Amino acid sequence: MLTRRTALMGAAIAAMVAMAPAAFADDLKLPREKVDLVAPPFVHPHEQATKAGPKIVEFKLTVQEKQVVIDDAGTKMWAMTYNGSMPGPMMVVHEGDYVELTLVNPETNTMPHNIDLHAATGGLGGGALTHVNPGEQTVLRFKATRPGVFIYHCAPEGMIPWHVVSGMHGVVMVLPRDGLKDGSGKPLHYDKVFYIGENDLYVPKDENGKYKTYDSVGESYSDTMDVMRKLVPSHVVFEGRVGALTGKNALTANVGETVLIVHSEANRDTRPHIIGGHGDYVWETGKFNNPPELDLETWFVRGGSAGAALYTFREPGVYAYVNHNLIEAVELGATAHIKVEGKWNEDLMKSISPPGPIPPQKLGAAAPADAVITR
């Protein structure tokens, strides 16, 4: 069992060996913007392009350790989260802006935490400078120098995989200052953003094959690590649980609306696909300095990264958005629904003959009814 004392001792040792620079003052003399984050699949309001100069954008993430239900059968697991959601919120800035992040680890938690931001340069992505024990907070500032969508995740020494697959990851989106563009430099615009965070979860079972429950996150550590080391997830889900984005929880859009879908997976590879649609423009590696690929049916998001796809819905209906490892989509939970309203376009798809009985075979005029026709 991993105890609070053991965890804190490990964090203290890590802190002693880390090289920590002196605290910075407000030396940049830049405008500041404080952003209130929202839970996925939604994203806080932001400009897609800006003519203003760089600024300091302030965000706050509070670590929450809590027990969550991850499927309709009532299976419970201990999650470690940023701001209480799996995945954590998306943070949006522009290239050249400064991200000023306050990371809070409340005294009610039991584990040390930190944050490794793949969008940042230096200090293990901030992980070396942000170790906070329960009852502590820290402030980190970094310059957003590369446009794209980037993972962030918890990375405490000796416990990185456990924290990541327990929910502690999210995305930073760094937009080009003049907005997204296609391969020829033409501006691209989106009407809304959906942030899909995929989680591979590893819930232990007892000797009877039933999922186990635990009184604390530390108590679940040993059994969960045993399951993780087999590399076979019990659940593969979007937004932290089976059905989080299906049925009554479906995402919504209208015919003619363009949606930017950002998809992240902090641990395993995944293959997003819109059943009945395509990726009009796809930044498969998630980096906006690269020209987008066009008209993809399925795209590949590497574990430990995020991708982005732009699609304009052309037909109404319920679209299934899936990990096209269909075993993981259908059997383990990696499915979302997008309900699209609007007028049907028969030029794109039309039912010529609805399902019905197979008609009898037509026979030639001279052929008897029981003749066998060969070709």
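Here, the structure is the one placed above.
Residues numbered from 1 in each chain as written. Predicted model: local features only at pLDDT ≥ 70, side-chain atom pairs only at ≥ 80, totals over all residues. Heavy atoms only, no water.

Topic: the overall build of the protein chain
Logical step 1: Helices and strands together make up the secondary structure of the protein chain, namely four helices and 19 strands.
Logical step 2: In the protein chain, which comprises 375 residues, the share counted as buried stands at 50%.
Logical step 3: Pairs at least 24 apart in sequence give 75% of the contacts found in the protein chain among residues at least 6 apart.
Logical step 4: When the accessible surface of the protein chain is summed, it comes to about 18,700 Å², and 54% of that surface belongs to carbon and sulfur atoms. (Helix = DSSP H or I, 4+ residues; strand = E, 2+ residues; numbered from the N terminus. Buried < 20%, exposed > 50% of the residue type's maximum accessible area, 1.4 Å probe, protein only. Contact = heavy atoms within 4.5 Å. Areas by Shrake-Rupley, 256 points an atom, 1.4 Å probe, with all protein chains shown as cover.)

Points about the sheet that holds strand 4 (residues 90–94)
Logical step 1: Across the sheet, which stays open at both edges, the four strands sit in the order 4-9-8-6 with mixed pairing between neighbours. Of all strands in the sheet, those with a lone pairing partner are strand 4 and strand 6 (116–117), marking the two edges.
Logical step 2: The pairing of strand 4 with strand 9 (residues 169–175) spans five bridges and is parallel. Bridge pairing links His94 to Leu175 in strand 9. (Pairing = 2+ DSSP bridges.)

Let's talk about unusual backbone geometry
Logical step 1: Cis geometry is adopted by the peptide bond preceding Pro41, which originates at Pro40 and carries an omega value of 10°.
Logical step 2: Looking at where Pro41 falls in the secondary structure, it is placed in the loop between strand 1 (32–34) and strand 2 (56–69).
Logical step 3: Of note, the bond from Met86 into Pro87 is cis; its omega dihedral lies within 30 degrees of zero at 0°.
Logical step 4: Mapping Pro87 onto the fold places it in the loop between strand 3 (76–82) and strand 4.
Logical step 5: Look at Leu124: it is not a glycine, yet its phi comes out positive at around 55°.
Logical step 6: Since its relative accessible area comes to 65%, Leu124 is described here as exposed.

A closer look at the pattern of salt bridges
Logical step 1: Under the criterion given, the structure shown has 14 salt bridges.
Logical step 2: Between Lys339 and Glu341 there is a salt bridge, with its nearest N and O atoms 4.0 Å apart.
Logical step 3: Several salt bridges converge on common partners, so that one network encompasses Arg32, Glu58 and Glu100. (Salt bridge = Lys/Arg side-chain N within 4 Å of Asp/Glu carboxyl O.)

Some points on the nonpolar core
Across soluble globular proteins, nonpolar side chains show a tendency to be buried alongside one another.
Logical step 1: Ranked by internal contacts, the top residues of the largest apolar core, which has 39 residues, are Phe59, Leu61, Tyr82, Met91, Leu117 and Trp162.
Logical step 2: Ranked by size, the runner-up nonpolar core spans 24 residues in total, among them Val236, Leu296, Ala309 and Tyr311. (Core = buried A, V, L, I, M, F, W, Y, C linked by side-chain atoms within 4.5 Å.)

Comments concerning the environment of Lys339
Logical step 1: Among the structural elements, Lys339 can be located in strand 19 (residues 335–341).
Logical step 2: In sequence terms Lys339 and Asn249 are 90 residues apart; their C-alpha atoms lie 9.8 Å from each other.
Logical step 3: Dropping the residues within four chain positions of it, Lys339 is found in contact with Leu251, Thr252, Ala253, Gly317 and Val318.

Looking at the sheet that holds strand 11 (residues 235–238)
As a general point, the strands of a sheet are linked pairwise by backbone hydrogen bonds and lie either parallel or antiparallel.
Logical step 1: Here we have six strands laid out as an open sheet, ordered 11-10-13-17-15-16, and mixed in their pairing. In this open sheet, the two strands that pair with only one neighbour each are strand 11 and strand 16 (293–296). Mean inter-strand twist for the sheet, computed between neighbouring axes without regard to direction, equals 25°.
Logical step 2: Pairing geometry for strand 15 (residues 279–283) and strand 16, over three bridges, is antiparallel. Bridging across to strand 16, Gly279 finds its partner in Leu296. (Axes fitted to C-alpha atoms, helices over the stretch in contact; angles between N-to-C directions.)

As for the environment of His94
Logical step 1: By the element assignment, His94 lies in strand 4.
Logical step 2: Here His94 falls in the buried class, since its relative accessible area comes to 6%.
Logical step 3: Considering only alpha carbons, one finds His94 and Arg177, 83 residues apart in sequence, at a separation of 5.5 Å.
Logical step 4: Sequence-distant contacts of His94, that is, excluding residues within four places in its chain, are made with Glu47, Gln48, Ala49, Thr50, Ala144, Val174, Leu175, Pro176 and Arg177.
Logical step 5: Polar contacts involving the side chain of His94 include one to the main-chain carbonyl oxygen of Glu47, which spans 3.0 Å. (Polar contact = N/O pair within 3.5 Å; in protein donor to acceptor, adjacent residues only side chain to side chain.)

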